[in-house]
Amino acid sequence: LRSDDAKRFGGFVARLSAASRGERFGRGFGTCPPAMLLDLVNVDGVRHAAFVATLKLDDDEEVIGEARYDVSTDGDCAELTLVVADFWQGQGLAEPLLDRLLEAARDAGLRRLVGEVPSSNHRMVRLLQRMGFVACAQGADRPVLRMERGVAPRLPQAPALRPVDVLRRWLNNQLFQFGF
């Protein structure tokens, strides 16, 4: 998500059903005030990261999904939010958005992601469970599940072998098999 996406993102929020907007922003949320919209699109990619899925139109793009995290004050954990446009819900869009968010959290050195999900949002609860999140607590004042998942650190990768190294290894194995 970039700052020049403000108009597209504002349109996305406006097109969400009242139920979807309520689950993302809180019950009773109407239109997105300009100041809030600016805060939502101005992310630094480390402490505040946001990714959107877009649909290519003739000469523009339409935002159809959003996943974001905001790092907590301890710097160890981040709260995630995820919403997909009503028409696109249930079509496999949330999982790649969440995958990308987890990758960014890993790159930022975060240890865990948490999200609060209305317990009535069964699709989101099931998605998060499939993605390795566990329900930790339910809010006493409202029916909300706190879903949490650890973010595994990125493992160092072995350097890629050059084609000539692969050939040498194969030749050595062939010579060894024939006793040379």
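Predicted model only: the values in this text are computed from it and were never measured.

What counts and how
- Sequence order sets the numbering: in each chain, residues are counted from 1 along the sequence as written.
- With the structure being a predicted model, the display of local features is reserved for residues of pLDDT at least 70 and the display and counting of side-chain atom pairs for 80 or more, all residues being used for whole-chain, interface and lining totals.
- In computing side-chain values, all of the structure's heavy atoms are included and hydrogens and water are not.
- Grouping buried Ala, Val, Leu, Ile, Met, Phe, Trp, Tyr and Cys residues that are joined through side-chain atoms within 4.5 Å yields what is termed a nonpolar core.
- Note on classification: 1.4 Å probe, protein chains only; a residue is buried when its accessible area is under 20% of the maximum for its type, exposed when over 50%, partly exposed between these limits.
- To qualify as a helix, a DSSP run of H or I must reach at least 4 residues; to qualify as a strand, a run of E must reach at least 2; elements of each kind are numbered from the N terminus.
- Interaxial angles span 0 to 180 degrees and are taken between N-to-C directions of axes, which are lines fitted to C-alpha atoms, for helices over the stretch in contact.
- Roughly parallel here means an angle under 35 degrees, roughly antiparallel means over 145, roughly perpendicular means 65 to 115, and every remaining angle is called oblique.
- Each helix crossing is assigned a hand: it is left-handed if the near helix lies turned anticlockwise from the far helix by less than a right angle, otherwise right-handed if that turn is clockwise.
- In what follows, residue pairs with any heavy atoms lying within 4.5 Å of each other are defined as contacts.
- Any residue that is not Ala, Val, Leu, Ile, Met, Phe, Trp, Tyr, Cys, Pro, Asp, Glu, Lys or Arg is counted as polar, Gly included; the first ten are nonpolar and the last four charged.
- It is the directions from the helix axis to the C-beta atoms that the arc portrays.

Undergrad: I tried to follow the nonpolar core on my own but got confused; where do I start?
TA: A general tendency of soluble globular proteins is for nonpolar side chains to be buried together. Membership of the largest hydrophobic core comes to 47 residues, with the highest contact counts inside it found for Phe 9, Phe 12, Tyr 69, Leu 82, Leu 98, Leu 113 and Phe 133. The element contributing the most residues to this core is helix H4 (residues 94-107), with 7 residues.

Undergrad: Looking at this structure, how should I read the packing of helix H1 (residues 6-15) against helix H3 (residues 34-41)?
TA: Packing of H1 against H3 brings their axes to within 10 Å, and their N-to-C directions diverge by 110°. By the angle between their axes, H1 is roughly perpendicular relative to H3. Our pair here, H1 against H3, has a crossing hand that is right-handed. Of H3, the residues touching H1 (which contributes Ala 6, Phe 9 and Gly 10) are Leu 37, Leu 40 and Val 41. Among the residues making up the contact of H1 with H3, the classes are represented as 5 nonpolar, 1 polar and no charged.

Undergrad: When you look at helix H5 (residues 122-130) in this model, what are you seeing that I'm missing?
TA: The periodicity of an α-helix, 3.6 residues per turn, causes residues three or four places apart in sequence to face the same way. Three or more residues of H5 are buried, namely Met 124, Val 125, Leu 127 and Leu 128. The buried residues of H5 occupy an angular sector of 165° when projected down its axis, which confines them to one face. Facing away from the buried surface of H5 by more than 90 degrees, the exposed residues are His 122 and Arg 130. Turning to H5, the residues buried within the fold contact strand S3 (77-84), H4, strand S4 (112-118) and strand S6 (144-150). Gly 132, located one to two residues past H5, shows a positive phi value of around 95°.

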